[in-house]
Amino acid sequence: MIIIGWLSDYKESINAFIDHDPAAHNALEIVLLYPGFKALQAHKRAKWFLNHNMPFIARAISQRAAHKTGIEIHPGATIGKRVCIDHGSGIVIGETTEIGDDCMIYQGVTLGGTGKETGKRHPTLESGVMVGSGAKVLGPITIGKNSKVAAGAVVVKDVEPNCTVVGVPGRVVKIDGSRIDDLDQVNFPDPVMNAITANAKLIDELKEEINKLEAKKSENIEYII
């Protein structure tokens, strides 16, 4: 029964990489060549040893995987099903991190602490979260279900479900209160540019009103004369 469950999870993990990575050609390529897949499988082994009171072996497995893949996952982290790590180089996942099912994590991501907390000090990603390249999610915060963190964003506050986060520090942008499936890790709305565009439009409207008032004033002066 345990073996059947392990095989089912293993197959689900492979299929998750195939579904998320258009560069993946077949299952064998993923199993033998993908660092993200290897790191996640190594974490499962390390987690088992940690749960059975063998922390040294657990840490040895995680450090060996970090050396080989460039992805450092602490054995204490909790990772759900069908999680996909794309490329993965430079990823750091802290000890008390919790990652839900169907999450997508790109290279250079840090799921870390701020250095001041004790106990639960790393982020929680609920199911369906996507974290873009180079993003930093810091502290014991929660990123809500189906939310997206843009590439390069720095997030230090909780994020509600079905939101996107952009910028430094991260700013939340709600998209009609629901998940937008056609957004990738780059094509996020820019709230700063949207505000600039809105202000520019308002300035143009005010200029038009001023021109109308000046024209009307000139007509009145000519009529008096």
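Residues numbered from 1 in each chain as written. Predicted model: local features only at pLDDT ≥ 70, side-chain atom pairs only at ≥ 80, totals over all residues. Heavy atoms only, no water.

**With respect to the packing of aromatic side chains**
Formally: Only Phe, Tyr and Trp rings take part, Trp by its six-membered ring, and two of them pair if their centres are within 6.5 Å. Stacked means planes under 30 degrees apart, edge-to-face means over 60, and tilted covers everything else. Here a strand is any run of E in DSSP of at least two residues, a helix any run of H or I of at least four, and the numbering for each starts at the N terminus. Each residue is assigned to one of three classes by its accessible area relative to the maximum for its type, calculated with a 1.4 Å probe on protein chains only: buried under 20%, partly exposed between the two thresholds, exposed over 50%.
This structure, assessed with the given rule, holds four aromatic pairs. The interplanar angle of 85 degrees and the centroid separation of 6.2 Å between the aromatic rings of Phe17 and Tyr34 together place this pair among those described as edge-to-face. With Phe17 in helix α1 (residues 2-20) and Tyr34 in the loop between α2 (27-33) and α3 (35-51), this pair connects stretches of sequence that are 17 residues apart. There is no split in this pair, since Phe17 and Tyr34 are both buried. Look at Phe17 and Phe37: their rings are 5.8 Å apart centre to centre, the planes differ by 80 degrees, and that puts the pair in the edge-to-face class. In this pair, Phe17 sits in helix α1 while Phe37 sits in helix α3, placing the two residues 20 residues apart along the sequence.

**Remarks on the sheet that holds strand β2 (residues 78-79)**
Definition in use: When DSSP locates at least two bridges between a pair of strands, those strands are taken to pair.
One open sheet accounts for four strands, arranged β2-β5-β8-β11; its pairing is parallel. Edge strands, defined here as strands with exactly one partner in the open sheet, are β2 and β11 (142-143).

**A short note on the environment of Thr97**
Rules: When checking whether two residues touch, look at their non-hydrogen atoms; a contact exists if any pair is within 4.5 Å. Side-chain atoms alone can form a polar contact between residues adjacent in sequence; in general such a contact is a pair of N or O atoms within 3.5 Å, and within protein one must be able to donate a hydrogen while the other accepts it.
The topology assignment puts Thr97 in the loop between β4 (91-93) and β5 (98-99). Spatially, the C-alpha atoms of Thr97 and Leu111 are 6.9 Å apart, while their sequence positions differ by 14 residues. Beyond its immediate chain neighbours, meaning those up to four positions away, Thr97 contacts Ala77, Thr78, Leu111, Lys120, His122 and Pro123. In this structure the side chain of Thr97 is engaged in a polar contact, spanning 3.1 Å, whose partner is the backbone oxygen of Gly94. Polar side-chain contacts of Thr97 include one of 3.5 Å to the backbone oxygen of Leu111.

**Things to note about a nonpolar patch on the surface**
For the record, the criterion: The patches described consist of residues with a relative accessible area above 30% and no salt bridge, like charges being joined within 9 Å and nonpolar side chains (Val, Leu, Ile, Met, Phe, Trp, Tyr) within 5 Å. Only the protein chains shown count as cover for residues, with accessible areas throughout obtained via the Shrake-Rupley method and a probe of 1.4 Å. For this analysis, a salt bridge means a side-chain nitrogen from Lys or Arg found within 4 Å of a carboxyl oxygen belonging to Asp or Glu.
A cluster of nonpolar side chains, contributed by Leu28, Leu32 and Leu33, occupies part of the molecular surface with about 330 Å² of accessible area. Turning to its location among the elements, Leu28 is positioned in helix α2. On the accessibility criterion, Leu28 (57% relative accessible area) is exposed.

**Describing a positive patch on the surface**
Worth spelling out the cut-off: Only four residue types enter the charge count: Lys and Arg as positive, Asp and Glu as negative, with His and the chain ends excluded. Throughout, a charge is located at the NZ atom of Lys, the CZ atom of Arg, the CG atom of Asp or the CD atom of Glu.
Residues Lys38, Arg45, Arg64 and Lys68 make up a contiguous surface patch of positive charge. Contributing elements (two or more residues each) for the positive patch: α3 and α4 (55-69). Inspection of the secondary structure assignment puts Lys68 in helix α4. On the basis of relative accessible area, Lys68 is assigned to the exposed category, the value being 57%.

**Notes on the nonpolar core**
Across soluble globular proteins, nonpolar side chains have a tendency to be buried as a group. Inclusion rule: What makes a nonpolar core is a set of buried Ala, Val, Leu, Ile, Met, Phe, Trp, Tyr and Cys residues whose side-chain atoms join them at distances within 4.5 Å.
Core analysis: the biggest nonpolar cluster contains 37 residues, and Ile73, Ile99, Leu111, Leu125, Val131, Ile143 and Val155 have the highest contact counts within it. Of the residues forming this core, the biggest block, three residues, is contributed by α3. Once residues lying within four places of it in the same chain are set aside, the contact partners of Ile143 are Thr124, Leu125, Glu126, Val129, Val137, Val149, Val155 and Val159. Ala42, Ala46, Ile61 and Ala65 belong to the second largest nonpolar core, which has five residues in total.

**Here we look at unusual backbone geometry**
In the Ramachandran plot, Arg82 falls in the positive-phi region, its phi being about 60 degrees despite a non-glycine side chain. Within the secondary structure, Arg82 sits in the loop between β2 and β3 (84-85). Residues other than glycine seldom take positive phi values, yet Asn162 does so here, at roughly 60 degrees. Examined against the element boundaries, Asn162 turns out to sit in the loop between β13 (154-155) and β14 (163-166). For Asn162, a relative accessible area of 22% gives the class partly exposed.

**Quick notes on α4**
Quick reminder of the rule: One less than the residue count of a helix, multiplied by 1.5 Å, gives the span that helix is expected to have.
If you check α4, its first and last C-alpha atoms are 21 Å apart, about what 15 residues at 1.5 Å a residue would give, namely 21 Å. Positive phi shows up at Gly70, right after α4, with a value of about 80 degrees.

In short, shape yes, function no, at least from these values alone.
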